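# Structural features, examined
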Amino acid sequence: MMILLRVVENINAGKIDDDIPPLHGGSREVNQVYTSFAKLYKIVRVSNTAFFSGNLKWACHFVQDALKLFTKVEDQKAIAIASNNIGSTLLAMNCSRPRGSRSECFEVDGVCCVRDAFLHFDTAIRSGSEEFENAKDLRCKVEYAEQLADRYFNRGLYFLLSVEDPCAPDNAEELGYQDLMKAHALD
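Structure report, in brief. (Residues numbered from 1 in each chain as written. Predicted model: local features only at pLDDT ≥ 70, side-chain atom pairs only at ≥ 80, totals over all residues. Heavy atoms only, no water.)

Here Lys57 shows up in helix α3 (residues 56-72). Judged by its relative accessible area of 43%, Lys57 is partly exposed. A C-alpha to C-alpha distance of 9.8 Å links Lys57 and Asp109, two positions 52 residues apart in sequence. Not counting residues within four places of it along the chain, the set of residues in contact with Lys57 comprises Met93, Val108 and Asp109. (Helix = DSSP H or I, 4+ residues; strand = E, 2+ residues; numbered from the N terminus. Buried < 20%, exposed > 50% of the residue type's maximum accessible area, 1.4 Å probe, protein only. Contact = heavy atoms within 4.5 Å.)

So this is what it looks like as structure tokens:
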């Protein structure tokens, strides 16, 4: 249990090693949590590596796998972060395709990227709004405001960059500017 606690503390402090050390001993429940945590950590690390190396489709798949695991363990904060990352990855994928093809629905594995991105951004914003509204002290409220501003900015950017996409809402430009104004107000 202490090893798991140290790993979580190190990750929260930004001291992230290449791999989580193996756990020896402990109860079955602690081992299950530790194993799940190690899997999530590896998935997120690999996803980030794929994203920054330009392999956006892989990054999207890895983050979607992480989202499934976060959903299984019912970690709402991690679900929101993964949802925001999926939305951002889909944004990057959509923007990397040729301009001439942006008038057609863009699908990955049979799923419309624009609609899927909006759903993921909505999940991230809804969660961030709840955290912001429920914050007890000013320091936490400020942190949640910054996080929520980033999420509104990401969705607003996607609305604006998806205006010509047939799957974007008819008022995508208006919604994009509204989100940017909300981001500015929070920031």
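This part covers the packing of helix α4 (residues 76-96) against helix α6 (residues 138-161). Two elements in contact, α4 and α6, have axes separated by 10 Å at closest approach and are oriented at 30 degrees. Between α4 and α6, the crossing angle belongs to the class labelled roughly parallel. The two elements α4 and α6 cross, and the hand of that crossing is left-handed. Residues Lys77, Ala80, Ile81, Asn84, Ser88, Leu90, Leu91, Asn94 and Cys95 of α4 touch α6, and the partners they reach there are Tyr144, Gln147, Arg151, Asn154, Leu157, Tyr158 and Leu161. Here the residues of the contact of α4 with α6 sort into 9 nonpolar, 5 polar and 2 charged. (Axes fitted to C-alpha atoms, helices over the stretch in contact; angles between N-to-C directions. Parallel < 35°, antiparallel > 145°, perpendicular 65-115°, else oblique. Left-handed = near helix turned anticlockwise from the far one by under 90°. Nonpolar A, V, L, I, M, F, W, Y, C, P; charged D, E, K, R; others polar.)

Before going further, it helps to spend a moment on the pattern of salt bridges. A full pass over the atoms with the stated rule returns 4 salt bridges. For Glu131, the salt bridge identified is with Lys77, shortest N-O distance 3.8 Å. Pair noted here: Glu131 is in helix α5 (residues 113-134) and Lys77 is in helix α4, with a separation of 54 residues, a long-range link. Here Glu131 falls in the buried class, since its relative accessible area comes to 17%. Ionic pairing is found between Asp179 and Arg155, a salt bridge with its closest N-O pair at 2.5 Å. Placement of Asp179 in helix α7 (residues 172-186) and of Arg155 in helix α6 is noted, with a sequence separation of 24 residues between them. Of the two residues, Asp179 and Arg155, both sit in the buried class. (Salt bridge = Lys/Arg side-chain N within 4 Å of Asp/Glu carboxyl O.)

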